[in-house]
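# Structural overview for review
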Amino acid sequence: MHLQPRPGIAWPSPRLRELNHAVRALLGLDDDTAVVIRQLVRDTTGHPPLQTVVSVLPMEGEPQRWVLHHPAEQITEHELRAALLGHGPH
């Protein structure tokens with residue numbers, strides 16, 4: 001059965017898929033651990049207009065979350081590595 005997105009819902013961008021694979025590789029995650037990457041629009045003063053949130057949801061253990069203050073298209077591998085491995089979850 002071929003699934004279609006609901007009307008008005010776009011499939012994830014290729015860049016979000018790339019980031020998902022990079023997060024899995026950097027953290028050595030197994031297939032049972034969910035990785036969710038979302039872009040959030042911020043409309044409050046003093047915050048970037050678009051942020052990327054990376055959430056790691058293991059079957060057992062505590063979920064982790066990181067906020068990168070750039071759109072997904074602007075996140076470099078170096079920046080992702082620094083966020084995930086250097087500073088711990090936010």
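Scroll up to find the structure this text is about.
What comes next is a walk through the structure. (Residues numbered from 1 in each chain as written. Predicted model: local features only at pLDDT ≥ 70, side-chain atom pairs only at ≥ 80, totals over all residues. Heavy atoms only, no water.)

## Re the sheet that holds strand β3 (residues 64-68)
Across a sheet, paired strands are connected by hydrogen bonds in the backbone, their directions being either parallel or antiparallel. Selection criterion: The rule for pairing is simple: two strands pair if DSSP sees at least two bridges between them. Numbering of helices and strands starts at the N terminus; helices are DSSP runs of H or I of at least 4 residues and strands are runs of E of at least 2. Note on method: axes are straight lines fitted to C-alpha atoms, helices fitted across the in-contact stretch only, with angles between N-to-C directions ranging 0 to 180 degrees. Whether two residues are in contact is decided by their heavy atoms, any of which lying within 4.5 Å being enough.
Strand order in the open sheet made by the three strands is β1-β2-β3, with antiparallel pairing throughout. Here the strands that pair on one side only, and so sit at the sheet edges, are β1 (34-41) and β3. For this sheet, the mean angle separating the axes of adjacent strands, direction not counted, is 20°. Sheet topology places β1 next to strand β2 (residues 50-57); eight bridges connect them, and they run antiparallel. Paired with Val41 across the strands is Leu50, a residue of β2. Docked against the sheet, helix α1 (residues 14-27) engages β1, β2 and β3, running at close to 135° with respect to β1. Along the sheet, helix α2 (residues 77-86) makes contact with β2 and β3, crossing β3 at roughly 140°.

## Regarding the nonpolar core
Our working definition: Grouping buried Ala, Val, Leu, Ile, Met, Phe, Trp, Tyr and Cys residues that are joined through side-chain atoms within 4.5 Å yields what is termed a nonpolar core. Partly exposed describes any residue whose relative accessible area lies between the buried limit of under 20% and the exposed limit of over 50%, with all areas from a 1.4 Å probe on protein chains only and scaled to the type maximum.
In this structure, Leu19, Val23, Ile37, Val54, Leu80 and Leu84 are the most contacted members of the largest nonpolar core, which totals 14 residues. Going through the elements one at a time, α1, β1, β2, β3 and α2 are the ones with two or more residues in this core. Leaving out residues up to four positions away in the same chain, Leu80 has contacts with Leu19, Ala22, Val23, Leu26, Leu68 and Ile75.

## Comments concerning the pattern of salt bridges
Quick reminder of the rule: Here, a salt bridge means any Lys or Arg side-chain nitrogen found within 4 Å of an Asp or Glu carboxyl oxygen.
Enumeration according to the criterion identifies two salt bridges in this entry. Note that Glu18 and Arg15 form a salt bridge whose closest N and O atoms lie 3.0 Å from each other. Taken together, the positions of Glu18 and Arg15, both in helix α1 and three residues apart, correspond to about one turn of that helix. The partly exposed category is assigned to Glu18, whose relative accessible area is 45%. Ionic pairing is found between Arg81 and Glu77, a salt bridge with its closest N-O pair at 3.0 Å. Remark: Glu77 and Arg81 occur in helix α2; sequence separation between them is four residues, near one turn of the helix. The exposure class assigned to Glu77 is exposed, which follows from its relative accessible area of 54%.

## Thoughts on α1
Under the convention used in this document: In this analysis, the expected span of each helix is defined as 1.5 Å times one less than the number of residues it contains. This arc is built from the directions going out from the helix axis to the C-beta atoms.
Here α1 spans 20 Å end to end across 14 residues, near enough to the 20 Å set by a 1.5 Å rise per residue. The complete set of buried residues in α1 reads Arg15, Leu16, Leu19, Asn20 and Val23. In an axial view of α1, the angular spread of the buried residues amounts to 145°, which keeps them on one side of the axis. Those residues of α1 that are exposed and angled more than 90 degrees off the buried face are Pro14, His21 and Ala25. Where the residues of α1 are buried, they touch β1, β2 and α2.

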